[in-house]
Amino acid sequence: MNPHPPPTPSTSEAVTPQALRQQYESGATVDELVTASGLSYGTVLNRLHDAGTVMRTSWQTRRMRQNPQARKRLAARLRTLYEQHGATLTELAAAAGETRRGARRLLIEAGGTVRTTQQTQRVRAAARAAERYKVALSLRARYEAGATVPELAKEHSYSVATVYRLLHQAGTPMRPQHSHDPAHDTRERP
């Protein structure tokens, strides 16, 4: 496999045909490139074709992976995905073209420790909480720049209550609420 992990989905727009070709020629499969880049299967194939990549058969890929160095690189990559990105054994199996049992074996070969289901859920919950906090901070910045809560809710497809909750989570000082109710109207009527 490739000693450098493929790009993350957030950088998928910058994935060039040459970069995909280099990863493919280093041993990555099309399915692994799809998973790592966030691009569709057809887009990955088209970019590989654009780069003039000579495609392998599945048996050629298996034969390539029997190479001990390639196996060691694959195991290290799976450990990184597992420990740093919170991937599950099922996701590792898909990325490696292996069974769950095979992915688990590779993870252990690389020195990784298998998590319990509860540990995986905690890792994923922490990642979601961190992402949600980033969203809360971006909402706070927009709110402090003058956006209203209903505008933010509409922009982000959130309910008004969710926007208030996220703003509160980010420690946002709230502006006073304005009432447009006729009973509170201080203007005199003719």
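Each value, and the rule that gives it
Residues numbered from 1 in each chain as written. Predicted model: local features only at pLDDT ≥ 70, side-chain atom pairs only at ≥ 80, totals over all residues. Heavy atoms only, no water. Helix = DSSP H or I, 4+ residues; strand = E, 2+ residues; numbered from the N terminus. Expected span 1.5 Å × (residues − 1). Buried < 20%, exposed > 50% of the residue type's maximum accessible area, 1.4 Å probe, protein only. Contact = heavy atoms within 4.5 Å. Salt bridge = Lys/Arg side-chain N within 4 Å of Asp/Glu carboxyl O. Patch = residues over 30% accessible without salt bridge, like charges linked within 9 Å, V, L, I, M, F, W, Y side chains within 5 Å. Areas by Shrake-Rupley, 256 points an atom, 1.4 Å probe, with all protein chains shown as cover. Core = buried A, V, L, I, M, F, W, Y, C linked by side-chain atoms within 4.5 Å.

Draft legend 1. Focus on helix H8 (residues 117-144). Taking 1.5 Å of rise per residue, the 28 residues of H8 would be expected to cover 40 Å, and the 40 Å separating its terminal C-alpha atoms lies within 8% of that figure. Of the residues making up H8, those classed as buried are Thr120, Val135, Ala136, Leu139 and Tyr143. Its buried side turned inward, H8 meets helix H9 (149-156) and helix H10 (160-169). The first or second residue beyond H8 is glycine 146, which carries a positive phi of 120°.

Draft legend 2. Just the pattern of salt bridges, in detail. Enumeration over the complete set of coordinates arrives at six salt bridges. Among the salt bridges present, the one from glutamate 83 reaches arginine 79, with a minimum N-O distance of 3.0 Å. Of this pair, glutamate 83 and arginine 79 both sit in helix H5 (residues 68-85), four residues apart, which is roughly one turn of the helix. Classification of arginine 79 as partly exposed rests on a relative accessible area of 28%. Among the ionic pairs, arginine 142 bridges to glutamate 155, the shortest N-O distance being 2.3 Å. On the criterion of sequence distance, the pair formed by arginine 142 in helix H8 and glutamate 155 in helix H9 is long-range, its members being 13 residues apart. Overall, the relative accessible area of 34% leaves arginine 142 in the partly exposed class.

Draft legend 3. How the structure looks around a nonpolar patch on the surface. Where nonpolar side chains cluster on the molecular surface, the patch consists of Tyr41, Leu45 and Met55 and spans about 260 Å² of accessible area. Considering the arrangement of structural elements, one finds tyrosine 41 in helix H3 (residues 41-50).

Draft legend 4. Seen up close, the nonpolar core. Core analysis: the biggest nonpolar cluster contains 13 residues, and Leu74, Leu78, Tyr82, Leu89, Leu92 and Leu106 have the highest contact counts within it. At the level of secondary structure, the elements contributing two or more residues to this core comprise H5, helix H6 (89-96) and helix H7 (100-109). If one sorts the elements of this core by residue count, H6 sits on top with five residues. Residue contacts for leucine 106: discarding those within four places in its chain leaves Arg71, Leu74, Ala75, Leu78 and Glu98. Core analysis: the next-biggest nonpolar cluster, separate from the first, contains 12 residues, Ala136, Ala147, Leu152 and Leu166 among them.

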